[in-house]
Amino acid sequence: MVNTKVQLSSLTLDNPVIPASGTFGFGYEFAELYDINVLGSFSFKGTTKEPRFGNPTPRIAECPEGLINSVGLQNPGIHAVIAEELPKLAKCFHKPVIANISGFSVDEYAYCCELIDKEPQVGLIEVNVSCPNVHNGGMAFGTDAVAAAEVTRAVKAVTTKPVYIKLSPNVTDIVSIAKACEEAGADGISMINTLLGMRIDLNRKKPIIANKMGGFSGPAIFPVALRMVYQVYEAVNIPIIGMGGVSSADDVIEMMLAGATAVQVGAANLIDPFAAKKIVEDLPRAMEQYHISSLKDIIGGAH
Ligand code: SIN
């Protein structure tokens, strides 16, 4: 009998598998397909202070081994999330959820995090400083160590729950940004968000995506994500949630060996809504294959 439990700050997860923000809605949509309580947790859609319609369409471009999205943080706003989405989730999910919060100013991050921190079902706050699809927000904070640290400090000052900062790979030195967040009080790091990418429609000879560029995710980025998790693990003493192209139980184990305590599954959910469930179910088999009796023992094992 293998042990899939992991400890993510104050949360004990039955397993490390977590659908990533933006690929799992507010959870209850997927509860119509299967019992989402089999998951370790999940991270809900990136939420901002005001409701957002998102970017113009087309927002998606398919690529070999992945896809580019430019959704633009479409969400109903923090007040509707608290009043309408979380009560629906509570009916079908009986575990702590990860709240993914985005913003366009330090004050907005702090405002939303202070509110969401009070929600009983929220177990951990994931602060998204890495959305590549909005101007003057998101990634603007995550590509600069000083700005990322400023957001971290502001959020930590008004919250009680673990705060994980979700980092962008679109930087020359992700390690220095992770370290700045740790020094500013972050309880953990989530990494990586999508890589800025682009496709051109050969018939129209114009970018496929209305916003021209978007975030590239899917199996093609897995080696990049793994490399960054490996590097950040060596530099910080706080837990890492690893993500980027994870699509199998073997990928979860590889990500944990690089240094992740838990692992998010993103684009795979968009291709197959049962992807995260299948990974959870396949984990014990993969653990037996690689002679792993307890997942928590392999974190950072490749170092
Ligand atoms: C989006 O809504 O544009 C994606 C969110 C993200 O990549 O952080």
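This text follows the structure it describes.
A few points on the structure. Every value quoted in this text rests on a predicted model; they were computed, and no experiment measured them.

Cut-offs used in this document
Residues numbered from 1 in each chain as written. Predicted model: local features only at pLDDT ≥ 70, side-chain atom pairs only at ≥ 80, totals over all residues. Heavy atoms only, no water. Pairing = 2+ DSSP bridges. Helix = DSSP H or I, 4+ residues; strand = E, 2+ residues; numbered from the N terminus. Axes fitted to C-alpha atoms, helices over the stretch in contact; angles between N-to-C directions. Contact = heavy atoms within 4.5 Å. Polar contact = N/O pair within 3.5 Å; in protein donor to acceptor, adjacent residues only side chain to side chain. Phe/Tyr/Trp six-rings, centres within 6.5 Å; stacked < 30°, edge-to-face > 60°. Buried < 20%, exposed > 50% of the residue type's maximum accessible area, 1.4 Å probe, protein only. Lys NZ or Arg CZ within 6 Å of the ring centre and 35° of its normal. Salt bridge = Lys/Arg side-chain N within 4 Å of Asp/Glu carboxyl O. Near = heavy atom within 4 Å. Areas by Shrake-Rupley, 256 points an atom, 1.4 Å probe, with all protein chains shown as cover. 1 Å grid on protein atoms, 1.4 Å probe; cavity = no way out; pocket = protein on both sides within 12 Å on 5 of 7 lines; lining within 4 Å. Sits in = over half its atoms within 2 Å of the grid points. Nonpolar A, V, L, I, M, F, W, Y, C, P; charged D, E, K, R; others polar. Expected span 1.5 Å × (residues − 1). Arc of directions from axis to C-beta. Parallel < 35°, antiparallel > 145°, perpendicular 65-115°, else oblique. Left-handed = near helix turned anticlockwise from the far one by under 90°.

### Section: the sheet that holds strand S8 (residues 163–166)
In step 1: Within the open sheet, the seven strands sit side by side as S3-S15-S14-S9-S8-S7-S6. Their pairing is parallel. Looking at the sheet topology across the chains shown, the edges are occupied by strand S3 (17–19) and strand S6 (97–101). For this sheet, the mean inter-axis angle between neighbouring strands, taken without regard to orientation, is 25°.
In step 2: Two strands pair when backbone bridges link them, and strand S14 (residues 240–243) and strand S15 (residues 262–265) are joined in this way by three bridges, in the parallel orientation. What sits directly across from Ile-241, in S15, is Ala-262.
In step 3: Where helix H10 (residues 275–289) meets the sheet, its contacts fall on S3 and S15, and the angle it forms with S3 comes to roughly 180°.

### A look at the environment of Lys-118
In step 1: Checked against the element boundaries, Lys-118 lands in the loop between helix H3 (106–117) and strand S7 (122–128).
In step 2: Engagement of the side chain of Lys-118 in a polar contact is seen with the backbone oxygen of Glu-114, the distance being 3.5 Å.

### Regarding the packing of aromatic side chains
In step 1: A full pass over the atoms with the stated rule returns six aromatic pairs.
In step 2: Aromatic pair Phe-24 and Phe-30: ring centres 4.0 Å apart, planes at 20°, arrangement stacked. Judged on exposure class, the residue Phe-24 and its partner Phe-30 are both buried.
In step 3: A connected cluster of aromatic rings, assembled from ring pairs, spans Phe-24, Phe-30, Phe-42 and Phe-93.
In step 4: A cation over an aromatic ring shows up here: Lys-49 above the ring of Tyr-111, its NZ or CZ 4.5 Å from the ring centre.

### So, the side chain of Asn-100
In step 1: As for its placement among the helices and strands, Asn-100 is situated in strand S6.
In step 2: The exposure class of Asn-100 is buried, given its relative accessible area of 0%.
In step 3: A polar side-chain atom of Asn-100 sits 2.9 Å from a polar atom in the side chain of Glu-126.

### Focus: the pattern of salt bridges
In step 1: Taken as a whole, this structure holds nine salt bridges when the rule is applied.
In step 2: One salt bridge connects Lys-277 with Glu-281, and the closest N-O pair in it is separated by 2.9 Å. Pair noted here: Lys-277 and Glu-281 are both in helix H10, with a separation of four residues, about one helical turn.
In step 3: The partly exposed category is assigned to Glu-281, whose relative accessible area is 49%.
In step 4: With a closest N to O distance of 2.7 Å, Asp-282 and Arg-285 form a salt bridge. With Asp-282 and Arg-285 both in helix H10 and three residues apart, the pair spans about one turn of that helix.
In step 5: By relative accessible area, which is 27% here, Asp-282 ends up partly exposed.
In step 6: Among the charged side chains, a salt-bridge network with shared partners connects Lys-5, Asp-14 and Lys-95.

### Digging into the environment of Val-146
In step 1: Within the secondary structure, Val-146 is located in helix H5 (residues 145–156).
In step 2: The class for Val-146 is exposed, based on a relative accessible area of 61%.
In step 3: The spatial distance from the C-alpha of Val-146 to the C-alpha of Ala-180 is 7.2 Å, given a sequence separation of 34 residues.

### A word on the site of the ligand
In step 1: As a matter of local geometry, the ligand sits amid Lys-45, Asn-69, Val-71, Gly-72, Leu-73, Asn-128, Cys-131, Pro-132, Asn-133 and Asn-193.
In step 2: Within the side chain of Asn-133, one N or O atom sits 2.7 Å away from an oxygen atom of the ligand.
In step 3: If the ligand stood free it would expose 260 Å²; the protein chains cover 91% of that surface.
In step 4: The cavity where the ligand resides is the largest pocket.
In step 5: Tallied by class, residues from the shell around the ligand come to four nonpolar, five polar and one charged.

### Things to note about helix H7 (residues 222–235)
Each α-helix turn comprises 3.6 residues. Residues three or four places apart therefore point the same way.
In step 1: Given a rise of 1.5 Å per residue, 14 residues ought to cover 20 Å, and the 20 Å separating the end C-alpha atoms of H7 matches this to within 8%.
In step 2: Along H7, the positions that sit buried rather than exposed are Phe-222, Ala-225, Leu-226, Met-228, Val-229 and Val-232. End-on view of H7: buried residues confined to an arc of 165°, all on one side of the axis. More than 90 degrees from the buried face of H7, the exposed residues found are Pro-223 and Glu-234.

### Re the packing of helix H2 (residues 78–92) against H3
In step 1: Where H2 contacts H3, the axes come no closer than 10 Å and their chain directions differ by 25°. Relative to H3, the element H2 is oriented roughly parallel. Crossing angle aside, the handedness with which H2 passes H3 is right-handed. Touching Ile-78, His-79, Ile-82 and Leu-86 of H2 are Tyr-111, Cys-112, Leu-115 and Ile-116, all from H3.

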